[in-house]
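# Results of the structural survey
So you can see what is in the structure, the chains are spelled out below.
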Protein chains: 2
Amino acid sequence: MTIKNAKDQIIAAATKEFLASGFDGARMQAIADKAGANKALLHYYFDTKEKLYYIVLKAQFAGMIGTMLQIFGSDEEFEPWLRHLIKTILKEITSRPHFSRFMIWELSARNKQLPRLFKELLEERMQGIFLGKIQAKLTKAGAENYPAEQFLLNILSLCIYPGIARPLLEQVMGKEFFANKDFIAQREEEIFKLIKYGIIERTRGDQ
Amino acid sequence: MTIKNAKDQIIAAATKEFLASGFDGARMQAIADKAGANKALLHYYFDTKEKLYYIVLKAQFAGMIGTMLQIFGSDEEFEPWLRHLIKTILKEITSRPHFSRFMIWELSARNKQLPRLFKELLEERMQGIFLGKIQAKLTKAGAENYPAEQFLLNILSLCIYPGIARPLLEQVMGKEFFANKDFIAQREEEIFKLIKYGIIERTRGDQ
DNA sequence: ATTATCTTTAACTATATGGTTAAAAACAAC
DNA sequence: GTTGTTTTTAACCATATAGTTAAAGATAAT
């Protein structure tokens, strides 16, 4: 592990700045400062703000897809798989709180090309096998008639939303609730049970 | 219902622009155009972009709180209340897709005063009665030991997330899934069952 | 040592955009 | 029709910021 060179430092700084502030809110000067470099060097390596942004964006897309593939594609039985899935997504959200928020905001607020770029990267690495894998897990659990799409929506919603809406939710439920050391563990257990009893046990053997 | 005067038209236009693009992305000229007015008039009435933004923001906060109070405070039995709750939130999200996204983004990306402003408006109209009302409903349903905070998290997550993450989710699950005429009705039924079997039936009579 | 690459400095340009102004015009109220 | 308010016009200013440039200096590779 060598000391990062300037190019990598700039990318790291740009990532922080773009994720926290979006394209419009990001400042090239702030990126230079964060990277311990100067504006001239940013343009020497990356030419324009847009190009730097797309490099960051692609890396984020790719990383996200990698994580998802890893999580959803594992070989376990249903219940351990589900626990693993929930734990990993929750960990991802808490360790990088800006990321999901950024994806959601930029994909709707910015131009219409972003969703397409995302889809291209998605298809490059997993040609539609995604929902299929979930369906296979559901079958293993005896809930083969439950739609994989709804399953995915439920899991992502329950795991991601509290993390991204936290500044808002803290005002309604009190900061202490989120600050609680066991919050993540409790939430993990809660989501697991919700899925287990609300989907699997409920629909087992359905036609 | 008279024809709106310019001031109201400007506020309406500003609301659209700010919700869609955030403070940084919003353009005063775009607001003027949308309102069928000119920049000079914007400043004649509202002085600065910030002031106009805070007027829009306060109205949005207030509207949101009003909706939530109305929904969560109704007098029904648990199951009709739950159905009503889910239906109303889903309707709100689909009819104003930019709103939740905007709240989440701006409350984290912009300055730290916004969450406080939100909390002040919140407390003005409902001094902590919020979680209490949910707890009362849970008691009615025989699930008095289930934490109201978790209930609120689950409901909001399941109802709101798919709406705000839609541009992203469409790429994973296909546009058709969301475009389906019955998507909302299916989702409503799905969330209802998830809560009913995953929380209420599961925890009934718990210590 | 020479060379090529990386990095800094510091000035600069161009542009977008928020904000201002003053006068005129349109409109409404009385 | 006089008066006060609202709205337009069209110019303008100030500032922030993306982007550029050229020269010099530092660093690494050969």
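### Section: the protein's contact with DNA strand D
Taken together, 17 residues lie near DNA strand D, and R27, K39 and K49 of chain A together with N38 and Y45 of chain B sit nearest. Sugar and phosphate atoms represent 62% of those atoms of DNA strand D found within 4 Å of the protein. A distance of 3.4 Å separates a phosphate oxygen of DNA strand D from a polar atom in the backbone of A26 of chain A. Note that a base oxygen of DNA strand D is positioned 3.0 Å from one of the side-chain N or O atoms of K39 of chain A. Those elements giving two or more residues to the surface near DNA strand D turn out to be α3 (39-46) of chain A together with α3 (39-46) of chain B. A total of four residues in the surface near DNA strand D trace back to one element, the largest contributor, which is α3 of chain B. Here the residues of the surface near DNA strand D are counted per class, giving nine nonpolar, four polar and four charged.

### What about the relation of the copies chain B and chain A?
Here chain B sits on chain A after a turn of 180° about the axis and a move of 0.0 Å along it, with an RMSD of 0.0 Å. Taken together, the rotation and translation relating the two chain copies correspond to the operation of a two-fold axis. In terms of C-alpha distance to the rotation axis, chain B has G198 of chain B as its closest residue, with the C-alpha 1.8 Å off the axis. The share of interface residues of chain B whose copies in chain A are also at the interface is 100%, consistent with both copies meeting through the same surface.

### Side note on the nonpolar core
Residues F18, L82 and F151 of chain A together with F18, L82 and F151 of chain B are the most contacted members of the largest nonpolar core, which totals 149 residues. When neighbours within four sequence positions are excluded, F18 of chain B is seen to be in contact with F23, A26, I31, K49, L52, Y53, V56 and F102 of chain B.

### Quick look at helix α12 (residues 183-203) of chain A
The end-to-end C-alpha separation of α12 of chain A is 29 Å, in line with the 30 Å expected for 21 residues at 1.5 Å each. Of all the bends in α12 of chain A, the largest measures some 30° and sits at K196 of chain A.

### A few points about unusual backbone geometry
Trans is the common state for peptide bonds, and a negative phi is the common state for residues other than glycine. Although it is not a glycine, D47 of chain A adopts a positive phi angle of roughly 70°. Within the secondary structure, D47 of chain A is located in the loop between α3 and α4 (49-72).

### With respect to the confidence of the model for chain A
When pLDDT is averaged along chain A, the result is 87, and 93% of the positions lie at 70 or above. The least confident element of chain A, judged by mean pLDDT, is helix α7 (residues 113-125) of chain A at 75; the most confident is helix α9 (residues 148-164) of chain A at 96.

### Focus on the packing of aromatic side chains
By the definition in use, this model includes 29 aromatic pairs over all chains. A ring pair is formed by F18 of chain A and Y53 of chain A, whose centres lie 5.0 Å apart and whose planes are at 75°; its orientation type is edge-to-face. Within this pair, whereas F18 of chain A is found in helix α1 (residues 6-25), its partner Y53 of chain A is found in helix α4, the two being separated by 35 residues in sequence. Under the relative-accessibility criterion, F18 of chain A is labelled buried at 0%. Between the aromatic rings of F177 of chain B and F178 of chain B, the centroid separation amounts to 5.6 Å while the plane-to-plane angle is 85°, which identifies the pairing as edge-to-face. Each member of the pair, F177 of chain B as well as F178 of chain B, is classed as buried. Aromatic rings pair up to connect F18, F23, Y53, Y54 and F102 of chain A into one cluster. A cation over an aromatic ring shows up here: R96 of chain A above the ring of F99 of chain A, its NZ or CZ 4.5 Å from the ring centre.

### Brief notes about the environment of D47 of chain B
Judged by its relative accessible area of 42%, D47 of chain B falls in the partly exposed class. Only 2.8 Å separates the side chain of D47 of chain B from the side chain of K51 of chain B, close enough to count as a polar contact.

### Let's talk about the protein's contact with DNA strand C
Contacts to DNA strand C come from 17 residues, most closely from N38 and Y45 of chain A together with R27, K39 and K49 of chain B. Within 4 Å of the protein, the atoms of DNA strand C are drawn from sugar and phosphate moieties in a proportion of 63%. For DNA strand C, a phosphate oxygen lies 2.5 Å from a polar atom in the side chain of R27 of chain B. One nitrogen or oxygen atom from the side chain of K39 of chain B is found 2.9 Å from a base oxygen belonging to DNA strand C. Counting only elements with at least two residues in the surface near DNA strand C, the list comes to α3 of chain A together with α3 of chain B. Here the element with the most residues in the surface near DNA strand C is α3 of chain A; it accounts for four residues. Of the residues in the surface near DNA strand C, the class split is nine nonpolar, four polar and four charged.

Parameters and conventions
- Residues numbered from 1 in each chain as written.
- Chains lettered and ligands numbered in written order.
- Predicted model: local features only at pLDDT ≥ 70, side-chain atom pairs only at ≥ 80, totals over all residues.
- Heavy atoms only, no water.
- Near = heavy atom within 4 Å.
- Polar contact = N/O pair within 3.5 Å; in protein donor to acceptor, adjacent residues only side chain to side chain.
- Helix = DSSP H or I, 4+ residues; strand = E, 2+ residues; numbered from the N terminus.
- Nonpolar A, V, L, I, M, F, W, Y, C, P; charged D, E, K, R; others polar.
- Least-squares fit on C-alpha atoms with pLDDT ≥ 70 in both.
- Contact = heavy atoms within 4.5 Å.
- Core = buried A, V, L, I, M, F, W, Y, C linked by side-chain atoms within 4.5 Å.
- Buried < 20%, exposed > 50% of the residue type's maximum accessible area, 1.4 Å probe, protein only.
- Expected span 1.5 Å × (residues − 1).
- Bend = angle between axes of the 7 residues up to and from the residue.
- pLDDT = per-residue confidence, 0-100.
- Phe/Tyr/Trp six-rings, centres within 6.5 Å; stacked < 30°, edge-to-face > 60°.
- Lys NZ or Arg CZ within 6 Å of the ring centre and 35° of its normal.

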